[in-house]
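# Fold and contact review
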Amino acid sequence: LTVTDSLGQTGYAEIDLVTNDSPCSGSLEVTPSIGNALTTSFEFSSENWVDDDIPLMYKYVYTIVGDGTMITIYESDDAYYDEAILPQGLSSACGPCDQVSLEDGNYNYTLLAGVFVYDSYGADGYSTHTIQVLPIGLAVSETVNTSTSLALEALESQRAELCIQIITAAAVEVNSIFVSSSSQR
């Protein structure tokens, strides 16, 4: 900026603004792409994220398609999370759904897995990966026994986040069993 006053004197000022870009160019892979609630351990892998402002932090999330609520699984500075226990997705909201899309109610047990990647200033990038999490097909008592055993193992290993994942998956599974049995009456 150059300024001239009434006496003809000039002044000059300059400022450089540096902006922060979000982490970019990365992706999320989840394996396996199809599994079962409570019994499949999903691995989240965030790769190729680029940002000058390190360290990067990763927040792994999922959304049950058709529900819309985003749930945080785990937050860490690790680009890999190898033990996510997820709830089943919603079943189809229609009859024969061979030619029907997600938007039409064919949820097909789909979850949208995601990762937010944050740089040291808090700017974030986001990537998703679609997976299917099927029901385990157990009775309520078997589901409760299985989830109790898994939750106790997680607590003994001091893995509170895993215990919460197991309890959430079990609650969704039991709710689905009750909803399914009441709709058949």
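Preceding this section is the structure that the text describes.
Residues numbered from 1 in each chain as written. Predicted model: local features only at pLDDT ≥ 70, side-chain atom pairs only at ≥ 80, totals over all residues. Heavy atoms only, no water.

Turning next to the sheet that holds strand 5 (residues 42-47). Two modes of strand pairing occur in sheets, parallel and antiparallel, and in both the strands are linked by backbone hydrogen bonds. Spatial strand order, 3-5-8: 3 strands in an open sheet with antiparallel pairing. In this open sheet, the two strands that pair with only one neighbour each are strand 3 (27-31) and strand 8 (80-84). Geometrically, the sheet is characterised by an average inter-axis angle of 15 degrees between neighbouring strands, direction not taken into account. By the bridge criterion, 3 bridges tie strand 5 to strand 8 in an arrangement that is antiparallel. The residue bridging Phe44 from the neighbouring strand is Tyr81, located in strand 8. (Pairing = 2+ DSSP bridges. Helix = DSSP H or I, 4+ residues; strand = E, 2+ residues; numbered from the N terminus. Axes fitted to C-alpha atoms, helices over the stretch in contact; angles between N-to-C directions.)

This paragraph deals with the pairing of strand 10 (residues 124-134). A regular strand places its side chains so that they alternate between the two faces of the sheet. Pairing analysis gives 3 bridges linking strand 4 (residues 34-36) to strand 10, with the strands arranged parallel. Paired with Asn36 across the bridge in strand 10 is Leu134. With 9 bridges joining them, strand 9 (residues 110-118) and strand 10 adopt antiparallel strand pairing. Directly across from Val117, in strand 10, lies its bridge partner Gly125. Turn length for the strand 9-strand 10 hairpin, with the two strands adjacent in sequence and antiparallel, is 5 residues, and the turn residue Gly122 shows positive phi of about 95 degrees.

As a rule of thumb, nonpolar side chains are buried together in soluble globular proteins. Ranked by internal contacts, the top residues of the largest apolar core, which has 32 residues, are Phe42, Phe44, Tyr58, Tyr60, Ile73 and Leu86. With 5 residues, the single largest contributor to this core is helix 2 (residues 160-183). In this structure, Ile73 is in contact with Phe44, Tyr60, Val61, Tyr62, Tyr81, Ala84, Leu86, Glu161 and Gln165, ignoring residues within four places of it in sequence. (Core = buried A, V, L, I, M, F, W, Y, C linked by side-chain atoms within 4.5 Å. Buried < 20%, exposed > 50% of the residue type's maximum accessible area, 1.4 Å probe, protein only. Contact = heavy atoms within 4.5 Å.)

Quick look at the sheet that holds strand 6 (residues 57-64) now. As summarised here, the arrangement of the 5 strands in space is 4-10-9-6-7, forming an open sheet in which the pairing is mixed. On the outer flanks of this sheet lie strand 4 and strand 7 (70-76), each paired with one strand and no other. Strand-to-strand twist in this sheet, taken as the mean axis angle between neighbours without regard to direction, amounts to 30 degrees. Two elements, strand 6 and strand 9, share 8 bridges in a ladder whose sense is antiparallel. Bridged to Tyr58 within strand 9 is Val117.

A word on the side chain of Asp51. With respect to the secondary-structure elements, Asp51 resides in the loop between strand 5 and strand 6. From its side chain, Asp51 meets the backbone nitrogen of Asp53 in a polar contact 2.7 Å long. Residues in contact with Asp51, not counting those within four places in the same chain, are Asp21, Ser22, Pro23, Leu56 and Asp119. (Polar contact = N/O pair within 3.5 Å; in protein donor to acceptor, adjacent residues only side chain to side chain.)

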